[in-house]
Amino acid sequence: MAGASSSVATKREIGKATRDAFGRTLEALGADYPDLVVVDADVSNSTRTEWFGKKFPDRFFNIGIAESNLVGIAGGLASSGKMSLVSSFAAFITCNAYDQLRMSVAYPHLNVKIVGSHAGISIGEDGASQMGIEDVSLACSLPGFVVIVPADEESAKAATKAMLDHKGPVYLRVGRPDVPKVYAAGPAPFAIGKANQLRDGSSVTLIANGLMVAPCLDAAEALAGEGINARVLDMHTVKPIDRDALRKAAVETGAIVVAEEHLAHGGLGSVVAMNVAELKPVPIRYVNLGDQFGESGSPDALIEKFGMTAAKVAAAAREAIAAK
Amino acid sequence: MAESLEELRARAQSVRRDIVRMTTEAGSGHPSSSLSAVEFMTAIYFGGFLRYDVKNPHWPDRDRFILSKGHAAPVLYAVLGQAGFFPHDQIMTLRKLGSPLEGHPNMTRLAGVEASTGSLGQGLSLGVGHALAARVDKKDFHTYVMTGDGELGEGQVWEAAASAAKYKLDNLTVIVDRNHFQQTGASEDVLDMDPIDGKFAAFGWHTQALQGNDMEEVLIALKRARAVKGQPTCILSLTRKGQGILKLLTKLKDENYHGKPLAPKDLDEALAEIG
Ligand SMILES: Cc1ncc(C[n+]2csc(CCOP(=O)(O)OP(=O)(O)O)c2C)c(N)n1
Ligand SMILES: [Mg+2]
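Criteria and cut-off values
Each chain has its residues counted from 1, following the order in which its sequence is written. Ligands are numbered from 1 and chains lettered from A, in the order in which they are written. Reporting in this predicted model follows two pLDDT cut-offs: at least 70 for local features of residues, and 80 or more for side-chain atom pairs to be given and counted; totals over whole chains, interfaces and linings ignore these cut-offs and use all residues. Hydrogen atoms and water are omitted, and side-chain values are computed over all heavy atoms in the structure. Note that water is not among the atoms used; donors are N, O and S atoms within 2.8 Å of the metal (3.2 Å for Na, K and Ca), so sites may look incomplete. To qualify as a helix, a DSSP run of H or I must reach at least 4 residues; to qualify as a strand, a run of E must reach at least 2; elements of each kind are numbered from the N terminus. Buried, partly exposed and exposed residues are distinguished by accessible area as a fraction of the type maximum, computed with a 1.4 Å probe on protein chains only: under 20%, between the cut-offs, and over 50%, respectively. The term polar contact refers here to a pair of N or O atoms within 3.5 Å; inside protein, the definition further demands a hydrogen-donor-capable atom paired with an acceptor-capable atom, and it admits residues adjacent in sequence only when both atoms are side-chain atoms. Salt bridges are identified by distance alone: a Lys or Arg side-chain nitrogen within 4 Å of an Asp or Glu carboxyl oxygen. Every angle, taken between N-to-C directions, lies between 0 and 180 degrees, and every axis is a line fitted to C-alpha atoms, over only the stretch in contact when it is a helix. Any angle from 65 to 115 degrees is called roughly perpendicular, while one under 35 is roughly parallel, one over 145 is roughly antiparallel, and all others are oblique. If you view the pair so one helix is near and one far, a crossing is left-handed when the near helix is turned anticlockwise from the far one by less than a right angle, and right-handed when it is turned clockwise. Any two residues whose heavy atoms approach within 4.5 Å are treated as being in contact. Gly is placed with the polar residues, together with every amino acid not listed as nonpolar (Ala, Val, Leu, Ile, Met, Phe, Trp, Tyr, Cys and Pro) or charged (Asp, Glu, Lys and Arg). Two strands are counted as paired when DSSP detects at least two bridges linking them. Start and end points for every domain follow an automatic or database-based domain assignment. Accessible area, probed at 1.4 Å, shrinks when two parts are joined; the buried area is that loss added up over both. Using protein atoms alone on a 1 Å grid, points that fit a 1.4 Å probe yet trap it form a cavity, whereas open point sets bounded by protein on both sides within 12 Å along at least five of seven lines form a pocket; residues with an atom within 4 Å of a point count as lining. Grid points are joined across faces, edges and corners, and a volume is the space filled by probe spheres set on the points.

A. Local environment of the coordination of the magnesium ion (ligand 2). Residue and element names in this part refer to chain B. Looking at the metal site, the magnesium ion (ligand 2) is ligated by Asp-149 (OD), Asn-179 (OD1) and Phe-181 (O), spaced 2.0 to 2.1 Å from it. Sequence spacing of the donors to the magnesium ion (ligand 2): D-x29-N-x1-F. Separated by 32 residues along the polypeptide, Asp-149 in the loop between strand S2 (143-148) and helix H6 (155-166) and Phe-181 in strand S4 (residues 181-182) bring together distant segments of the chain.

What follows is the structure in structure tokens.
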């Protein structure tokens, strides 16, 4: 298991949005990856690829509102020897261009990076049509894809670099709002397919990615007050999943909670359950968006309404432990 | 009952006031994208073109209006509220948790909304579906669809355009809100689709181009569209994004002003400019 607990932030401070950390890293690393070509579909000021675009205008294209075309172009660029990175809102780049992801990227296993921003309900007021809540499930269903969901600013930076260094198709999910820092300033530990253990514990393991990692740390703190020692894993890579970490979690703690800002079906929870059922069945409880669309409201109001909170994680942990 | 030209002009300005007030209150949203579309929306709903019954919003014989550029929801909510589909003061709940006036139209929560939109490019296909349903049921209702100009980048629009021509859907009218901007800049720079009317014509559509912020021209165009036989109609509506508050947007140095509300401190100036 990679990731020393020393890199975990000690205070809960608000950091940059993961989309911002991605955008700044792309801009900073552009010179180191001369083969990288970035393409966006009229949302580069939202996905933050415009920062790369301003610095490297010869390697940046804005092709208009046309996501299927966007992903097809990425496949062509990669087939012609470029490393292409394409971005739009998570909802549009996965749902609108799914057959292109399948046929023009996954099937030929091309070196294409797909970045979906505005994931989850935490985008707030724009509402359901703009919220990618099924993107992880869809990306995991593309053979050969790596699927990454970073938790905060530092891990999004590290994930962006790891994605560029990986040869093959990657889906990176980033969010819109500024989010709490999980990792201390400085490079966060990050290896594709290796969970980061943020806190050790023996009674239950809280497994999360993205927006839900910070609430899991807060829940672990609250549970500690009740004498429950919770282990916390940042499962930033959903595919390939860290089976080693899952086996240890099941064997050593005997109960698991999976928390994610995603539909129940096909996300991290499904992947964890499938693997734990095979490795060492233990009680699992889930904190996720269930089987419903999002809606308009302030990010905070929606986070509360949809239960993306430490309180829900703690309650799920108590249930999982009780079911041992 | 159809309103007169003067009444429609006055109503258009009150729709504009609703748009800026509700988006500033919400603290987010797309006022400039809504403002360009005001004359057409006002004329369709109040100029005697759309047959609807606010007491029976699902009346099978009603005409349909589909806002394909769903981010312009505030203009739709303003006309629906003024038409009486819901209490007008509800517009001030825009985008708040629990309000059926969501950031993008949600047909399951608000009467009068014909389509859940917000992912661009899909409305014209829905319109083709409604128009084909009318044919199957031998009904004479008309379907209007409004798209953005940037939205025309979506390939699905052109798939729909081809199918509408194939079925000679003269019960279908698309209005392209040609406001010359999309999210990241001028439409001519991001993806130049000119000639838009020429493209629709090449697909077999009847086309007209006119000044879409001029109520008189808008009324003529809508009348003509109803008279066309054997072909769907494309109305290329030449507009200004932010029409009604252009002076203010010039002062704010943002002609596009995409996807953001006016600050509360700018609201009075905007309302004064609208008049
Ligand atoms: C499929 C899809 N891609 C991207 C977006 C994000 N988006 C919202 S509005 C907009 C620009 C729309 O431009 P245009 O169609 O010209 O409408 P305008 O706002 O100018 O009226 C974009 C890219 C979206 N809503 N749907
Ligand atoms: Mg436009």
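B. A look at the environment of Asp242(A). All names here are of chain A. Relative to the elements of secondary structure, Asp-242 occurs in the loop between strand S10 (237-239) and helix H10 (243-253). Classification of Asp-242 as buried rests on a relative accessible area of 2%. For the pair Asp-242 and Ala-195, spaced 47 residues apart in sequence, the C-alpha separation works out to 6.0 Å. Separated by 3.0 Å, the side chain of Asp-242 and the backbone nitrogen of Ala-245 make a polar contact.

C. The arrangement of the pattern of salt bridges in detail. If you walk through the whole model with that rule in mind, you get 42 salt bridges over all chains. Taking the shortest distance from any N to any O, the salt bridge between Arg178(B) and Asp194(B) comes out at 3.4 Å. You can see Arg178(B) sitting in strand S3 (residues 172-178) and its partner Asp194(B) sitting in the loop between helix H7 (187-190) and helix H8 (196-202), a full 16 residues away along the chain. When salt bridges with common partners are traced through the structure, they connect Glu295(A), Lys305(A), Glu102(B) and Arg109(B) into a single cluster.

D. Spatial organisation of the packing of helix H3 (residues 38-46) of chain B against helix H4 (residues 73-83) of chain B. Residues and elements named next belong to chain B. At a minimum axis separation of 10 Å, H3 and H4 run at an interaxial angle of 30°. As judged from the angle between their axes, H3 and H4 are roughly parallel. The crossing of H3 and H4 is right-handed. Where H3 approaches H4, its residues Val-38, Met-41, Thr-42, Tyr-45 and Phe-46 are matched on the opposing element by Val-75, Leu-76, Val-79, Leu-80, Gln-82 and Ala-83. Residues belonging to the contact of H3 with H4 are distributed by class as follows: nine nonpolar, two polar and no charged.

E. Here's a closer look at the sheet that holds strand S7 (residues 233-238) of chain B. Residue and element names in this part refer to chain B. The sheet built from five strands is open, its strands ordered S1-S2-S3-S7-S6 with parallel pairing. Looking at the sheet topology across the chains shown, the edges are occupied by strand S1 (64-67) and strand S6 (206-211). Pairwise comparison of adjacent strand axes, ignoring direction, gives a mean angle of 20° for this sheet. Taken together, the four bridges between S1 and S2 define a ladder with parallel strand orientation. Bridged to Leu-67 within S2 is Met-146.

F. Main features of the domain arrangement of chain A. Residues and elements named next belong to chain A. Per the domain assignment, the segments of chain A are domain 1 (18-173) and domain 2 (196-322). Each partner contributes to the interface: domain 1 provides 29 residues, whereas domain 2 provides 29 residues. Overall, the association of domain 1 and domain 2 removes approximately 2,100 Å² of surface from exposure, summing both partners, and the carbon and sulfur fraction of that is 61%. Together, Ile-121, Ile-133 and Val-149 form the three largest contributors to the area buried by domain 1 at its contact with domain 2, with a combined 31%. Across the domain 1-domain 2 interface, the total number found is zero salt bridges. Where domain 1 packs against domain 2, one counts 15 residue pairs in polar contact (both at pLDDT 80 or more). A per-class count over the side of domain 1 that touches domain 2 returns 18 nonpolar, six polar and five charged.

G. Quick look at the sheet that holds strand S11 (residues 256-259) of chain A. Residue and element names in this part refer to chain A. Strand order across the open sheet formed by five strands is S7-S9-S8-S11-S12, with mixed pairing between neighbours. Strand pairing shows two members of the sheet lacking a second neighbour, strand S7 (196-199) and strand S12 (284-287), which therefore form its edges. Geometrically, the sheet is characterised by an average inter-axis angle of 25° between neighbouring strands, direction not taken into account. Both strand S8 (residues 204-208) and strand S9 (residues 230-234) contribute to a ladder of five bridges, which runs parallel.

H. A look at empty space enclosed by the protein. According to the stated counting rule, one finds four cavities of 30 Å³ or more in the structure shown. Of the voids in this model, the largest cavity is the one considered here, and its volume is about 140 Å³. Lining the largest cavity are 15 residues, and of these Thr18(A), Gly175(A), Gly210(A), Leu211(A) and Glu261(A) lie nearest its centre. In terms of residue class, the lining of the largest cavity is made up of eight nonpolar, five polar and two charged. There are two domains that each give the lining of the largest cavity at least three residues, and those are domain 1 (18-173) and domain 2 (196-322) of chain A. Its volume calculated, the second largest cavity comes out at about 50 Å³. Every residue lining the second largest cavity is listed: Tyr45(B), Leu50(B), Tyr52(B), Pro57(B), Arg62(B), Asp63(B), Arg64(B), Phe65(B), Phe85(B), Gly112(B) and Glu114(B). Of the residues contributing to the lining of the second largest cavity, the split by class is six nonpolar, one polar and four charged.

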